[in-house]
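Survey of secondary and tertiary structure
Next come the chains, spelled out residue by residue.
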Amino acid sequence: AAILIQTNACAKTFGVDLAEVPSSAPRMVGNLTKQGGSFKSWNSRWFELRGERLYYFKNKKDASVGVEKAKGDVPLHGATVENGDQDSGKKFCLKIVTSGRTYFVAAQSQDDKQSWAQTLLQCIQYHLNESGQW
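These numbers come from a predicted model, not from an experiment.

What follows covers unusual backbone geometry. Residues other than glycine seldom take positive phi values, yet Phe92 does so here, at roughly 60 degrees. Relative to the assigned elements, Phe92 resides in the loop between α3 (85-88) and β7 (93-97).

All right, on to the nonpolar core then. The nonpolar side chains of a soluble globular protein tend to be buried, and buried together. If you look at the biggest cluster of nonpolar residues, it comprises 20 residues, and the most contacted ones within it are Leu54, Leu76, Ile96 and Leu120. The set of elements that each furnish at least two residues to this core consists of β2 (26-35), β3 (42-50), β4 (53-57), β7, β8 (102-106) and α4 (110-131). Here this core takes 5 residues from α4, the largest share from any one element. Discounting residues that sit within four places of it in the chain, Leu54 has contacts with Phe47, Glu48, Leu49, Gly72, Asp73, Val74, Leu76, Ile96, Trp116 and Leu120.

As a further point, take the packing of aromatic side chains. All told, the structure shown has 1 aromatic pair when counted by the stated rule. Between Lys90 and the ring centre of Trp42, over which it is positioned, the NZ or CZ distance is 5.1 Å.

Moving on, we get to the pairing of β8. In terms of burial, β8 is a largely internal element, 4 of the 5 residues being buried. As judged from the 2 bridges shared by β2 and β8, these two strands associate in the antiparallel manner. If you follow Thr33 over to β8, its bridge partner there is Ala106. By the bridge criterion, 5 bridges tie β7 to β8 in an arrangement that is antiparallel. Bridge pairing in β8 places Lys95 opposite Phe104. A loop of 4 residues connects β7 with β8, the two strands running antiparallel in sequence.

How each quantity is defined
Residues numbered from 1 in each chain as written. Predicted model: local features only at pLDDT ≥ 70, side-chain atom pairs only at ≥ 80, totals over all residues. Heavy atoms only, no water. Helix = DSSP H or I, 4+ residues; strand = E, 2+ residues; numbered from the N terminus. Core = buried A, V, L, I, M, F, W, Y, C linked by side-chain atoms within 4.5 Å. Buried < 20%, exposed > 50% of the residue type's maximum accessible area, 1.4 Å probe, protein only. Contact = heavy atoms within 4.5 Å. Phe/Tyr/Trp six-rings, centres within 6.5 Å; stacked < 30°, edge-to-face > 60°. Lys NZ or Arg CZ within 6 Å of the ring centre and 35° of its normal. Pairing = 2+ DSSP bridges.

Below, the structure is given as structure tokens:
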């Protein structure tokens, strides 16, 4: 299951400004199944949303070392988040479209999918609203 660390809406409820939360602190973490870029196989990865980047790791242990152990990251600058079920043929799938690549990630349940989608969209919107640009 996904673990929501902090979203803008949640932060406002508790009087916390996300701008004061270090961008290195994860805002959401959890396992998702990611489709590979070159080889279209699906692999379980540990994901962490930090600032405006979604990092993915081989496992949670690698994530505990830090972002230098990340297998990659998804830049959310100008990204869109869409339902990816039909395009991927996988249930509970999100399609994250960036300027350089389209990523497909699948959650374990509809609730997890919804949580990730809302949090990613809030993150994208938050960073656009705060600076007016990326």
